[in-house]
Amino acid sequence: MIWKLSLTGIKSRLKDYTVLFSGLVVASMIFYMFLTLAINPGFMSHDVNAPGQYLSFIFGFGIVLLAIITFVYLVYANSFLLRMRQHDYGMFMMLGAKSSRIGLLIFCETLLTGMLAAILGIVIGFGLTAIVSKVLIASLGLKITHFQIVLPSAIIWTLIFFIAIFFLAALRNVHKLVRSKVIDLLHESQKPIKLSRKNGLRVFEAILGIVLLAVGYYVMGLPASAIFAIIPIALVTIVAGIYFTFDSLFTLIINFLLKRKNFAYRGIRMFTLGQLKFRIRDYTRILSVISLLFALALGAITVGLNFNSLKDQAVKSTYYDATIVENSPAVQKNVDKLDIKTRSTYHYVETKKDVYFDRSEFEKTPLKDIQFKQNGNNFPTYKPIAFKISELTRKNSYANSVLGMQANTGNKAIKLVSSDQLKKIQGQKKFITFITVKNFVKDYPTLTKLEKVQMASNPAMAQALSQTKPFSYQMMLGFTSGFEFMGFFLGIAFLTMLASTLMFKVLSGAASDKMRYEMLYKIGTRRKILKQSIRHEIGVLFLLPGVLGVIDVLFGLRLFTALLPHPYMGFWVPFLIFIVLYFIYYAVTVKLYENLVLKK
């Protein structure tokens with residue numbers, strides 16, 4: 001009988017459960033996808049090689065962040081679930097149901113909700129992982145044969161994580177409800193909120209909040225060399241500043257507006273401001289958390305997408321696009337596919353003690369490299385340079401070490417001789433060709449194949465060839481692509497959870513608000529005016545953490561000036577995407593709230 005009543009109660013709140021369930025599904029879906037990308041053994045060991053180490057670290061770091069925010073989100077989601085059902089549980093107990101049976105019902109409902117969300121999220125995660133892996137692999141320019149979309153270990157760990165959290169949540173719900181009095185379960189939503197009337201303390205707290213935020217924003221603009229001091233100081237000051245701002249400043253602003261009769265006595269603004277005054281005092285902690293999550297989510301997407309600019313730096317930091325040390329058919333086949341811009345060939349003879357190069361070839365085509373200059377906290381600038389011939393033979397000079405590394409001469413001395421003298425020297429006759437192409441990104445796959453073919457047939461040159469531009473670019477691709485995808489999906493996960501959390505908090509207070517709106521309707525307030533009041537009230541609750549979050553991101557991006565060449569480049573794109581998604585959550589919350597508090 002109790003199970004039938006429980007199912008009836010769930011059906012009556014199906015929309016609320018749909019909101020809760022969708023948020024849980026998205027959380028488990030993204031959690032599974034991150035695990036799959038991070039611990040795919042065949043993908044990391046056979047297909048990705050060096051970049052895989054970076055990808056594993058990047059996605060592993062993302063999993064830790066996602067686990068923390070998922071835990072916070074599930075705490076609020078569980079609180080919403082508990083508030084939805086506590087009135088029903090109180091009714092069951094008042095009708096004579098045993099507390100042990102109610103406890104079992106609560107435990108099973110909570111655990112079952114979490115398990116179903118995790119399983120459905122994993123199933124949807126299969127498709128998401130397939131799409132993301134294809135985009136990631138295409139971005140890395142790899143031929144993948146060992147990637148597993150359905151990974152048993154990732155499935156198991158995702159289930160363990162969500163079941164463990166919901167098991168603890170179920171125990172907490174049982175402990176709270178079974179030990180509560182029936183009258184408290186039936187009327188907990190009607191308990192009054194105590195408001196402090198010490199305005200002097202509120203003013204001091206508001207000023208302190210603004211000062212702490214200003215200190216945090218200033219600290220984030222300090223030189224990157226002080227990063228270990230910047231992060232803890234900024235974290236403490238910004239978190240405390242946001243809390244004090246919500247706890248006092250906005251309350252003072254509302255009090256000020258309430259005293260402005262020309263403003264407050266228009267329509268039902270007095271009622272709307274009163275609702276906001278009570279809500280902000282009750283929502284201080286959750287609004288502070290949501291503001292921080294908003295900043296993290298928006299910052300993750302903005303910074304993640306900006307990591308793409310590092311690929312351009314990898315192209316600019318090395319002058320030659322490829323190195324050729326043999327003329328085999330396989331090498332020539334790949335060379336013929338390239339759109340070559342310049343080609344420089346240097347012949348040399350290697351003896352037991354020395355390496356002799358043809359001087360005339362360097363005079364005709366000087367050896368070149370890239371010189372970079374660090375300008376304070378700004379990203380370094382790159383400038384092509386041509387080495388002087390005298391520097392090539394001078395031991396321990398930069399030009400000498402570059403040529404020695406490219407030709408793999410080891411500790412042998414480099415000497416320049418004429419063409420006739422070179423022909424007379426007895427030793428291993430070799431050559432090295434440096435080429436540049438018109439479009440490196442376009443020819444990157446062919447250049448990578450070219451270097452791999454030579455590494456397979458010339459083990460002695462493998463170390464020198466592994467440090468050429470194609471492999472450096474592949475390493476950077478793994479680094480930047482990993483951060484791009486981690487930032488994008490962490491941002492979406494954060495947005496889903498923070499918006500759902502705020503939605504749950506607003507909807508959980510709808511039961512107590514319903515009587516107030518019914519009273520206004522009975523005394524003649526038009527339905528249109530009531531809807532307008534709801535839109536304004538919920539809009540302020542969504543807008544305040546959003547505005548503070550945007551300000552946090554705009555100042556926080558300065559932390560990345562030493563890592564990214566243009567951290568603010570194209571920031572309006574993720575901002576626009578994020579704001580549109582955030583507005584959709586706001587619109588859904590308004591619609592659900594109207595259905596709960598306004599009679600049709």
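Residues numbered from 1 in each chain as written. Predicted model: local features only at pLDDT ≥ 70, side-chain atom pairs only at ≥ 80, totals over all residues. Heavy atoms only, no water.

Enquirer: I keep staring at the overall build of the protein and nothing clicks. Help me out?
Expert: Within the protein one finds 24 helices and seven strands. Out of the 600 residues in the protein, the part that is buried amounts to 48%. Accessible surface computed for the protein: about 30,100 Å², of which carbon and sulfur atoms make up 65%. (Helix = DSSP H or I, 4+ residues; strand = E, 2+ residues; numbered from the N terminus. Buried < 20%, exposed > 50% of the residue type's maximum accessible area, 1.4 Å probe, protein only. Areas by Shrake-Rupley, 256 points an atom, 1.4 Å probe, with all protein chains shown as cover.)

Enquirer: For this particular structure, what's the right way to read the packing of helix 23 (residues 527–556) against helix 24 (residues 572–597)?
Expert: Relative orientation and spacing of two packed helices are given, respectively, by the angle between their axes and the distance between those axes. Two elements in contact, helix 23 and helix 24, have axes whose closest approach is 10 Å; the angle formed by their N-to-C orientations is 155°. Our classification of the angle between helix 23 and helix 24 gives roughly antiparallel. Along this stretch, helix 23 crosses helix 24, giving a crossing that reads as right-handed. Every residue of helix 24 that contacts helix 23 at Lys-531, Ile-534, Arg-535, Ile-538, Gly-539, Phe-542, Pro-545, Gly-546, Val-550, Val-553 and Leu-554 is listed here: Phe-575, Tyr-582, Tyr-585, Tyr-586, Thr-589, Val-590, Tyr-593, Glu-594 and Val-597. Per-class residue counts for the contact of helix 23 with helix 24 are 14 nonpolar, three polar and three charged. (Axes fitted to C-alpha atoms, helices over the stretch in contact; angles between N-to-C directions. Parallel < 35°, antiparallel > 145°, perpendicular 65-115°, else oblique. Left-handed = near helix turned anticlockwise from the far one by under 90°. Contact = heavy atoms within 4.5 Å. Nonpolar A, V, L, I, M, F, W, Y, C, P; charged D, E, K, R; others polar.)

Enquirer: Quick question: what am I supposed to make of the pairing of strand 3 (residues 354–358) here?
Expert: A regular strand places its side chains on the two faces of the sheet in alternate fashion. By the criterion of burial, strand 3 is predominantly enclosed, with five of the five residues buried. Alternating positions in strand 3 separate into two faces, Asp-354, Tyr-356 and Asp-358 on one and Val-355 and Phe-357 on the other, with burial throughout. Bridge analysis of strand 2 (residues 340–350) against strand 3 gives three bridges, and the strand direction is antiparallel. Looking at strand 3, one finds that Glu-350 is bridged to Val-355. Turn length for the strand 2-strand 3 hairpin, with the two strands adjacent in sequence and antiparallel, is three residues. Bridge analysis of strand 3 against strand 6 (residues 413–417) gives five bridges, and the strand direction is parallel. Bridge assignment links Val-355 to a residue of strand 6, and that residue is Ile-414. (Pairing = 2+ DSSP bridges.)

Enquirer: Whenever I open this one, the side chain of Thr-448 confuses me. Can you help?
Expert: Counting through the fold element by element, Thr-448 comes out in helix 19 (residues 440–457). Judged by relative accessible area, Thr-448 falls into the buried class, the value being 8%. Within polar-contact distance, the side chain of Thr-448 engages the backbone oxygen of Tyr-444 at 2.9 Å. Not counting the four nearest positions on each side in its chain, Thr-448 is found in contact with Pro-470, Phe-471 and Gln-474. (Polar contact = N/O pair within 3.5 Å; in protein donor to acceptor, adjacent residues only side chain to side chain.)

Enquirer: Can you help me understand the sheet that holds strand 7 (residues 428–437) in this one?
Expert: By definition, the strands of a sheet pair up through backbone hydrogen bonds, in either a parallel or an antiparallel sense. Here we have five strands laid out as an open sheet, ordered 1-7-2-3-6, and mixed in their pairing. Looking at strand neighbours, the two that pair on one side only are strand 1 (322–324) and strand 6, the edges of this open sheet. The average angle at which neighbouring strand axes cross in this sheet is 30°, direction not considered.

Enquirer: Sorry, what's going on with the nonpolar core here?
Expert: Across soluble globular proteins, nonpolar side chains have a tendency to be buried as a group. Formed by 86 residues in total, the largest nonpolar core has its most connected members in Phe-31, Phe-162, Leu-498, Tyr-517, Ile-534, Ile-538 and Tyr-593. In contact with Ile-534, other than residues within four places in its own chain, are Tyr-517, Gly-539, Val-590, Tyr-593, Glu-594, Val-597 and Leu-598. Counting residues in hydrophobic clusters, the runner-up holds 19 residues, among them Tyr-320, Tyr-348, Val-402 and Leu-403. (Core = buried A, V, L, I, M, F, W, Y, C linked by side-chain atoms within 4.5 Å.)

Enquirer: What is the right way to look at the packing of helix 12 (residues 284–306) against helix 23 in this model?
Expert: Relative orientation of the contacting elements helix 12 and helix 23 amounts to 45°, with a least axis distance of 8 Å. What the angle tells us is that helix 12 and helix 23 run oblique. Judged by the twist between their axes, the crossing of helix 12 over helix 23 is right-handed. Contact residues: helix 12 offers Leu-287, Ile-290, Ser-291, Phe-294, Ala-295, Leu-298 and Gly-299, while helix 23 offers Leu-541, Pro-545, Gly-546, Leu-548, Gly-549, Val-550, Asp-552 and Val-553. Residue classes in the contact of helix 12 with helix 23 are distributed as ten nonpolar, four polar and one charged.

Enquirer: It is not clear to me how a nonpolar patch on the surface should be interpreted in this structure. Could you clarify?
Expert: On the surface, Trp-572, Val-573, Leu-576, Ile-577, Val-580, Leu-581, Ile-584 and Val-588 cluster together into a nonpolar patch covering about 690 Å² of accessible area. Tracing the backbone shows Val-588 in helix 24. Take Val-588: its relative accessible area is 37%, and that puts it in the partly exposed class. (Patch = residues over 30% accessible without salt bridge, like charges linked within 9 Å, V, L, I, M, F, W, Y side chains within 5 Å. Salt bridge = Lys/Arg side-chain N within 4 Å of Asp/Glu carboxyl O.)

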